[in-house]
Amino acid sequence: MHTIDFVVFLVFTIGVVIFGCSFFRKGSSADEFTSAGHSIPGWVVGMSIFATYVSSISYIGYPGKAFAADWNAFVFSLSIPIASYFAAKYFVPFYRKSGSVSAYTFLEEKFGAWARLYASACYLLTQIARMGSILYLLAVPMYILMGWNIHMVIILTSIGIIIYSMLGGLKAVIWADAIQGIILIGGAILCLCLLLFRMPEGPMQAFDLAVNAPVGNKFSLGEFSLDLTKSTFWVCLVYGIFINLQNYGIDQNYVQRYHAAKTDRDARFSALFGGYLFIPVSALFFLIGTALYSYYTANPQLLPAEIAAKPDYVFPHFIVSELPVGLRGLLIASIFAAGMSTVSTSVTSAATIVLTDYFKPFFQGATDRHHLAVLRISSVIVGVLGIIVAIAMLSVESIIDAWWTLSSIFSGGMLGLFLLGCIPKKINRMAALIGCVAGVAVIAWISLADLWHLPGIHLHGYLAIVLGTTTIFFTGFLLTLLLSSRCSSKA
C-alpha cells in the first residue's frame, strides 16, 4: 500500500472517530443520547437510514454475489418501496405519537412483558450478528491490501466505533452516517467507471461477456418458478418484503431515527428518502460485481485462483491491484464508511434497548446519570460481542447468505407479533403467546433443515421469516376467535 493511500485511509478513519467524539457534551441526558434531542433535519436522518442499509455487506457482499452468480439478490432491494410507503404513512406517525423511544413498548402494552422481552432479545441477537458480519467485511480489504492480521483489524476498528458511539450518542451516529453515505456513493461510482473503461474492448464488452456467460445471463434476477427450495425471484421478493417491513416497522435502528427527526414531516421524508436511495445504489454494487466478472473473464491472468474461490475477496483484490495511488485509499475509506456507519448504529440502538427494556423496568428509581452509565457500558459490551461474532465469521463462504440466514432466524417472530398488535380486534394474550411459540418452532424447523440438510420437506432458509411471521399472526388471530366464540357460547 502506497504511503498516500495509507494517509488517505488513516485521515478518514481517525477523522470519523474525532468527528463523532466532538458531539460529546458533559452533562448531556439519556434522551439526548437515544433520540438526539429530536433535532435532526429530515435529509440527514434519511441519509443515515440509507447508510445503515448500505453496510459492508452491500459494499463487498453484493459485488461478491454478482461476481459468483447473478442479480437474484437485487430482488431484495426491489421490495423496499413497499416497506418505505408503509413506514411513511403508518409507522412514523405511530411511533412519533407513542412517546417511547423503544420499538417494543407497544408489544408490552398489547400482550404483556413477555412480548417486549422476547422481541427485544431477538433484536439484540440480530444486531450482534449484523455487527459481526460487517466487522468481518471491514477487515477483509486490509488483510488483502497489507497483510494485516484480520483479528487485529476487527478489534481496533471496533474500538474506534465504540468510542465515538459511546461518547456522542445517536446525534454523532446520524451525522457521521450522513457524511459516510456520501463518501461511499462517490467511491462506488468511481470504481465502476474505472472497471468499465479498463475493459480491453471498451465498456460494452463488460455487458456482452456478462449476458453471454457460460453459466447463463449474469443480469438474471433468478428463476420465476414456484420452487420453494431455491432462491427464486419470488422467494427473494417475499423475503425482502417481510424483512423490510420488519426493518421499518419494528427495528430499533429505524424507530430511533423517526424520533430523532425535527418534525413529523421530516421523519416521513427520511423513511422514503433513505429507502428509495438504496435501490439505485444497490444496483450500482451489483453492476460492480458483474463488471468484475467481465473484467477478469477478459483478463484471467490477473485473478489468482485463491481469490476467485472466495467471491467476497474479489472486489478488494481489484482495489488493491488495479486502482491508482490515492484512489485505493479512498475506496478502502469508503468501504470503512459503509461498515462504520452500520456498526455504530447497531451499538447505539442495542444499548438503548438494554436501557429501556431491561434496566428501566427493574430499576425504576435510577437517575438520568445511571441511565447514561448503562448506555455507555452496554455500548462496550455489545461491541465486544460483535467482535466475537466477526472472528467466528472468518470460516463463512458467502457473507450475504450467512447474514440473511441469521437475520431470518433471530428476527422471524418480531414482525408477526407487531402485526397481531396492529389489527383492530383485541388479541387474547395467551393466543399471542401460543402463536409466538408456534412461529418460533416453524422458524427453527426451516432453518435447521436448511442448514443441516435434515431429511423431510425442505424449504429455502429465506422463508423462515415469512412462514414464522404468518404462523404467529394466523395462530394468534384464529385462537382469539376460537376462545371468543367459546366464551360467548358459555354465556
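Caption draft 1: Summary view of the layout of surface pockets. Roughly 340 Å³ of volume is contained in the largest pocket. Lining the largest pocket are 17 residues, and of these Phe9, Thr13, Leu156, Thr157 and Phe336 sit closest to its centre. Secondary-structure elements contributing two or more residues to the lining of the largest pocket are helix H1 (3-21), helix H9 (150-197) and helix H16 (327-359). Residue contributions to the lining of the largest pocket peak at seven residues, all from H9. Split by residue class, the lining of the largest pocket holds 13 nonpolar, four polar and no charged.

Caption draft 2: Here's a closer look at helix H11 (residues 233-250). Across its 18 residues, H11 extends 25 Å between first and last C-alpha, which sits within 8% of the 26 Å expected from 1.5 Å per residue. Along H11, 15 of the 18 residues are buried, which leaves the element largely enclosed by surrounding structure.

Caption draft 3: Layout of the environment of Gly64. Relative to the helices and strands, Gly64 is located in helix H4 (residues 56-68). Considering only alpha carbons, one finds Gly64 and Ser447, 383 residues apart in sequence, at a separation of 23 Å. Sequence-distant contacts of Gly64, that is, excluding residues within four places in its chain, are made with Pro311 and Asp312.

Caption draft 4: Representation of empty space enclosed by the protein in the model. Going through the model one piece at a time under the given rule, you end up with two cavities of 30 Å³ or more. The space that makes up the second largest cavity amounts to roughly 40 Å³. Every residue lining the second largest cavity is listed: Leu192, Leu196, Ala206, Phe207, Ala210, Phe219, Leu287, Thr290, Ala291 and Ser294. Take the lining of the second largest cavity: its biggest share by element is four residues, from helix H13 (residues 264-298).

Caption draft 5: Representation of the packing of H1 against H9 in the model. The geometry of H1 relative to H9 is characterised by a closest axis approach of 7 Å and an angle of 120° between their N-to-C directions. The orientation of H1 relative to H9 falls into the category oblique. Of the two elements, H1 crosses H9, and the hand of that crossing is right-handed. Of the residues in H9, those in contact with Phe12, Val16, Val17, Phe19, Gly20 and Cys21 of H1 are Gly160, Ile163, Tyr164, Leu167, Gly168, Ala172, Trp175, Ala176, Ile179, Gln180 and Ile183. For the contact of H1 with H9, the class distribution of residues is 13 nonpolar, four polar and no charged.

Caption draft 6: Spatial organisation of the packing of helix H3 (residues 42-53) against H13. At a minimum axis distance of 7 Å, the contact between H3 and H13 shows a crossing angle of 40°. Here H3 lies oblique to H13, going by the angle between them. The element H3 and its partner H13 pack so that their crossing is right-handed. Between H3, through Gly42, Trp43, Val45, Gly46, Met47, Ile49, Phe50 and Tyr53, and H13, the contact on the second element is made entirely by Asp266, Phe269, Ser270, Ala271, Phe273, Gly274, Leu277, Phe278 and Val281. Residue classes in the contact of H3 with H13 are distributed as twelve nonpolar, four polar and one charged.

Rules used in this analysis
Residue indices follow the written sequence of each chain, beginning from 1 at its first position. Selection of residues for local features in this predicted model requires a pLDDT of at least 70, selection of side-chain atom pairs for listing and counting requires 80 or more, and totals for whole chains, interfaces and linings are taken over all residues. Heavy atoms throughout the structure, all of them, feed into the side-chain values; hydrogens and water do not. Think of a 1 Å grid over the protein atoms and nothing else: a 1.4 Å probe that fits but is trapped marks a cavity, an open set flanked by protein within 12 Å on at least five of seven lines marks a pocket, and residues with an atom within 4 Å of a point count as lining. Grid points are joined across faces, edges and corners, and a volume is the space filled by probe spheres set on the points. Working definition: helices are DSSP H or I runs of at least four residues, strands are E runs of at least two. Numbering for both runs from the N terminus. Under the scheme applied here, ten amino acids are nonpolar (Ala, Val, Leu, Ile, Met, Phe, Trp, Tyr, Cys and Pro), four are charged (Asp, Glu, Lys and Arg), and all others, including Gly, are polar. Helix span, as expected, comes to 1.5 Å for every residue beyond the first. A simple rule labels every residue: compare its accessible area, found with a 1.4 Å probe on the protein chains alone, to the largest value its type can have, and call it buried under 20%, exposed over 50%, or partly exposed in between. Contacts are residue-level and defined by heavy atoms, with any inter-residue pair within 4.5 Å sufficient. Convention adopted: a line fitted to C-alpha atoms gives each axis, helices being fitted over their contacting stretch, and angles between N-to-C directions are expressed from 0 to 180 degrees. Each angle gets one of four labels, with under 35 degrees taken as roughly parallel, over 145 as roughly antiparallel, 65 to 115 as roughly perpendicular, and the rest as oblique. Handedness of each helix crossing follows the sense of rotation of the near helix against the far helix: counterclockwise by less than a right angle gives left-handed, clockwise gives right-handed.

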